[in-house]
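# Report on the structure
In case you want the letters, here they are:
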Amino acid sequence: MDRQTFSDILSRYRNGMASEEEIAFLHAYYLLHEPAGDGLQGLSREEKIQLKQDIREGIRREMDAVETTPVRRMNFSRWMVAAALILLAGIGGYFFFQRQEEQTREEMARTQVEPIVPGGNKAILTLSDGSTVLLDDAGNGVLATQGNAIVKKNADGELAYDLNSRPATGAATVFNTINTPRGGQYKLTLPDGTKVWLNAATVLRFPTTFTGNERKVELEGEAYFEVATNKKMPFRVQSAAQTVEVLGTHFNINTYKEEHDVKTTLLEGSVKVSAAVASEQKILVPGQQSLLVPGKAGISVAEANVEEVVAWKNGLFIFNKVSLETIMHQVARWYDVEVEYRGRITDDVFVGKLNRSENVQEVLRILELNNVKCHIEGRKIIVGK
């Protein structure tokens with residue numbers, strides 16, 4: 001028995017809360033270690049005397065109930081030691097195995113891994129004072145007042161900012177930040193009526209009221225925008241590598257660092273993409289996509305597979321001749337798992353279409369049908385050997 005378990009039993013004895021088995025164990029232990037009473041230092045002298053009296057009275061009762069036999073004539077102190085040994089072997093063993101069972105259960109609880117499930121509507125809203133709101137747990141209705149905007153969670157679970165007054169002249173700009181974790185996504189409506197869909201592992205920082213001559217937000221990750229038209233106030237999305245400027249349009253921006261380049265895809269209207277490095281700019285028309293490598297000059301423009309780009313927003317995985325690495329980036333973010341490659345990564349490209357609500361095994365099955373070995377270890381997907 002370990003020291004902590006013994007201490008717990010002793011504490012319960014002193015408080016009058018010990019079970020019959022625990023009291024019997026202490027009696028037996030005291031007999032074996034009399035007169036020193038090793039391990040019972042937590043008891044006062046009076047408590048030790050009382051414990052000793054309890055033991056002797058209990059043993060006498062047991063002896064009086066036994067018929068006259070050679071055992072009855074056994075030396076009293078030897079009888080007590082024998083009884084103590086039996087108790088220790090039985091009761092001590094009981095506590096030992098009980099403790100072992102508890103430790104096993106605790107160990108299993110620590111090592112048990114949560115099942116891998118698809119992502120859902122999850123996000124954290126950080127208000128101007130630094131306080132946070134867990135949006136997936138928050139009830140519908142008003143969540144806060146920020147500046148002259150009322151922050152609400154609608155019946156459909158979306159976040160919305162409604163202006164309740166015109167901003168005072170010279171009032172400080174109030175900023176909020178919404179952050180979706182891996183395995184999360186969220187939709188919100190900004191104060192100007194612009195709708196934004198956030199993919200997993202994305203951060204959007206924005207003012208609670210747009211003032212001045214522009215509407216500017218900051219993005220990390222991936223988002224789809226349906227910008228409310230306002231020709232007097234251009235809408236700008238700033239990321240580390242670029243700035244996208246629109247007057248009113250629909251577009252998708254992918255700025256994930258692990259993707260190695262920044263992609264801006266236009267669905268409606270017109271956008272201007274400006275690189276942070278150098279002064280290069282490109283104007284996109286619907287169906288086009290710009291590619292920019294962070295830290296390098298140059299913006300390339302090509303035709304885009306729009307359905308594939310916005311598949312995540314529509315609840316789908318669509319792979320149209322994409323690399324294994326690109327697929328696994330999406331899987332890792334949406335299912336909140338780690339990916340480990342063992343051996344050489346194939347140069348093959350893959351084609352497939354799947355609902356994002358499907359179990360992760362369905363995604364892996366597409367790869368296995370293409371001779372890519374995959375298996376799951378805890379919350380890690382092993383690709384390869």
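Residues numbered from 1 in each chain as written. Predicted model: local features only at pLDDT ≥ 70, side-chain atom pairs only at ≥ 80, totals over all residues. Heavy atoms only, no water.

## Some remarks on the layout of surface pockets
- Each pocket or cavity is described by its volume, and for the largest pocket that value is around 510 Å³.
- Asn254, Lys263, Glu308, Thr326 and Gln330 are, among the 32 residues lining the largest pocket, the residues nearest its centre.
- Looking at the lining of the largest pocket, the elements that each hand over two or more residues are strand 15 (250–254), strand 16 (262–268), helix 5 (306–309), strand 21 (316–323) and helix 6 (324–335).
- With 6 residues, the single largest contributor to the lining of the largest pocket is helix 6.
- A class-by-class count of the residues in the lining of the largest pocket yields 11 nonpolar, 11 polar and 10 charged.
- By volume, the second largest pocket amounts to about 390 Å³.
- Secondary-structure elements contributing two or more residues to the lining of the second largest pocket are strand 10 (202–207) and strand 11 (215–220). (1 Å grid on protein atoms, 1.4 Å probe; cavity = no way out; pocket = protein on both sides within 12 Å on 5 of 7 lines; lining within 4 Å. Points joined across faces, edges and corners; volume = space filled by probe spheres on them. Helix = DSSP H or I, 4+ residues; strand = E, 2+ residues; numbered from the N terminus. Nonpolar A, V, L, I, M, F, W, Y, C, P; charged D, E, K, R; others polar.)

## So, the nonpolar core
- Ranked by internal contacts, the top residues of the largest apolar core, which has 41 residues, are Ile178, Leu204, Phe225 and Phe251.
- When near neighbours in sequence (up to four residues on either side) are disregarded, Phe225 contacts Lys195, Val196, Leu204, Val217, Leu219, Phe235, Val237, Thr249, His250, Phe251 and Ile253.
- Among the nonpolar cores identified, the runner-up in size contains 23 residues, and Ile327, Val331, Tyr335 and Val372 belong to it. (Core = buried A, V, L, I, M, F, W, Y, C linked by side-chain atoms within 4.5 Å. Buried < 20%, exposed > 50% of the residue type's maximum accessible area, 1.4 Å probe, protein only. Contact = heavy atoms within 4.5 Å.)

## Notes on the confidence of the model for the chain
- Of the residues in the chain, 72% have a pLDDT of 70 or more, and the chain-wide mean is 82.
- Contacts from residues 66–89, a stretch scored under 50 in pLDDT, to residues over four places away or in other chains number 28 contacts. (pLDDT = per-residue confidence, 0-100.)

## Looking at the sheet that holds strand 22 (residues 338–342)
- Taken in spatial order, the 3 strands of this open sheet run 22-25-24, and their pairing is mixed. Each having just a single partner strand, strand 22 and strand 24 (374–377) make up the two edges of the open sheet. On average, each strand axis in the sheet is tilted by 25 degrees relative to the strand beside it, whichever way the strands run.
- Here strand 22 pairs with strand 25 (residues 380–384) via 5 bridges, running parallel. Its bridge partner being in strand 25, Arg342 is matched across the sheet by Gly384.
- Against the sheet, helix 6 makes contact with strand 22 and strand 25, and its axis sits at roughly 150 degrees relative to strand 22, the strand it touches most.
- Each of strand 24 and strand 25 is contacted by helix 7 (residues 360–368), which is oriented at about 150 degrees to strand 24, the strand it contacts most. (Pairing = 2+ DSSP bridges. Axes fitted to C-alpha atoms, helices over the stretch in contact; angles between N-to-C directions.)

## Let's talk about the pairing of strand 25
- Looking at chain direction, strand 24 and strand 25 are connected through 4 bridges and run antiparallel. Looking at the pairing, Cys374 lines up with Val383 of strand 25.
- Taking the residues that link successive antiparallel strands as the turn, the strand 24-strand 25 hairpin has 2 residues, and the phi of Gly378 there is positive, at about 65 degrees.

## What to know about the environment of Asn199
- Here Asn199 shows up in the loop between strand 9 (195–198) and strand 10.
- Separated by 24 residues in the primary sequence, Asn199 and Ala223 have C-alpha atoms spaced 5.9 Å apart.
- Apart from residues no more than four positions distant in its own chain, Asn199 is found in contact with Thr180, Gly184, Glu222, Tyr256, Trp312 and Arg356.
- A distance of 3.0 Å separates the side chain of Asn199 from the side chain of Glu222, its partner in a polar contact.
- A polar side-chain atom of Asn199 sits 3.5 Å from a polar atom in the side chain of Arg356. (Polar contact = N/O pair within 3.5 Å; in protein donor to acceptor, adjacent residues only side chain to side chain.)

## Re the sheet that holds strand 13 (residues 235–238)
- Taken together, 9 strands build an open sheet; the order of strands is 3-2-7-10-11-13-14-17-18 and the sheet is mixed. Of all the strands in the sheet, the pair left with one neighbour each is strand 3 (132–134) and strand 18 (281–284). In this sheet, adjacent strand axes meet at a mean angle of 20 degrees when their direction is disregarded.
- Here 4 bridges tie strand 13 to strand 14 (residues 242–246), and the two strands are oriented antiparallel to one another. By the bridge assignment, Val237 is partnered in strand 14 with Val244.

## Points about unusual backbone geometry
- Positive phi, normally seen in glycine, also occurs at His260, with a value near 75 degrees.
- Considering the arrangement of structural elements, one finds His260 in the loop between strand 15 and strand 16.
- Non-glycine residue Lys321 carries a positive phi angle of around 60 degrees.
- Among the structural elements, Lys321 can be located in strand 21.

## Considering the pattern of salt bridges
- Evaluation of the coordinates by the stated rule reveals 19 salt bridges.
- Notably, a salt bridge pairs Asp336 with Arg182, separated by 3.2 Å at the nearest N-O pair. You can see Asp336 sitting in the loop between helix 6 and strand 22 and its partner Arg182 sitting in the loop between strand 7 (175–180) and strand 8 (184–189), a full 154 residues away along the chain.
- Looking at Asp336, the relative accessible area reads 35%, which means it is partly exposed.
- Looking at Arg182, the relative accessible area reads 31%, which means it is partly exposed.
- Between Glu245 and Arg236 there is a salt bridge, and its shortest N-O distance comes to 3.1 Å.
- If you follow the salt bridges from partner to partner, you end up with Glu214, Arg236, Glu245 and Lys272 in one network. (Salt bridge = Lys/Arg side-chain N within 4 Å of Asp/Glu carboxyl O.)

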